[in-house]
Amino acid sequence: MNNLQRLQMEVSIQLEQDKLTVYLHENGLQPFDEYNPQSATNKKQIYQSALSVLESIANNPQNLKNYKLDDMTISDFADNLMSRIDQLERKIRSLKTDEQLQNESNFFMLFAD
């Protein structure tokens, strides 16, 4: 699986491939490079790209209307979208990069000179 496919899986909204490619480039990823699930940095960049996609969708007020078609109603899209954006922001803040994980130590220095 490449980074582009992983972003499509995370967002679950059909967008043009060139738009998703721009979001990946803006977050430091190459779209056709292999996705590395063991890399904390790669995972964080995918989530940042997904957040960018969702924020751009939220900036279009046409997408945030309630629709009714025959007996089916599509409502609360804006609320659900904002909820997902908030979830992603919290997740991104809590994720560490590969460098942060390598620099972690179980040694704690309580008192210093």
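Above this text is the structure in question.
What comes next is a walk through the structure. If you're wondering where the values come from, they're calculated on a predicted model, not measured in any experiment. All residue numbers here refer to positions counted from 1 along the written sequence of the relevant chain. Only residues with pLDDT of at least 70 are given local features in this predicted model, and only at 80 or more are side-chain atom pairs given and counted; all residues enter the totals for whole chains, interfaces and linings. Processing note: side-chain calculations cover all non-hydrogen atoms of the structure and skip hydrogens and water entirely.

## Regarding the pattern of salt bridges
Two side chains bearing opposite charge may form a pair once their charged atoms approach each other closely. A pairing counts as a salt bridge when a side-chain nitrogen of Lys or Arg comes within 4 Å of a carboxyl oxygen of Asp or Glu. Enumeration over the complete set of coordinates arrives at three salt bridges. One salt bridge connects Glu 10 with Arg 84, and the closest N-O pair in it is separated by 2.4 Å. Note that Glu 10 is positioned in helix H1 (residues 3-11) and Arg 84 in helix H4 (residues 77-94), a separation of 74 residues in sequence. Note on exposure labels: buried denotes an accessible area under 20% of the residue type's maximum, exposed denotes more than 50%, and partly exposed covers the range between, all computed with a 1.4 Å probe on protein chains only. Overall, Glu 10 belongs to the buried group, its relative accessible area being 17%. On the basis of relative accessible area, Arg 84 is assigned to the partly exposed category, the value being 25%. As a salt-bridge pair, Lys 19 and Glu 16 come within 3.1 Å of each other at their nearest N and O atoms. Taking relative accessible area as the criterion, Lys 19 reaches 44% and is therefore assigned partly exposed. For Glu 16, a relative accessible area of 42% gives the class partly exposed. Via salt bridges that share partners, Arg 6, Glu 10 and Arg 84 belong to a single interconnected network. Only DSSP runs of H or I with at least four residues qualify as helices, and only runs of E with at least two residues qualify as strands; both kinds are numbered from the N terminus onward.

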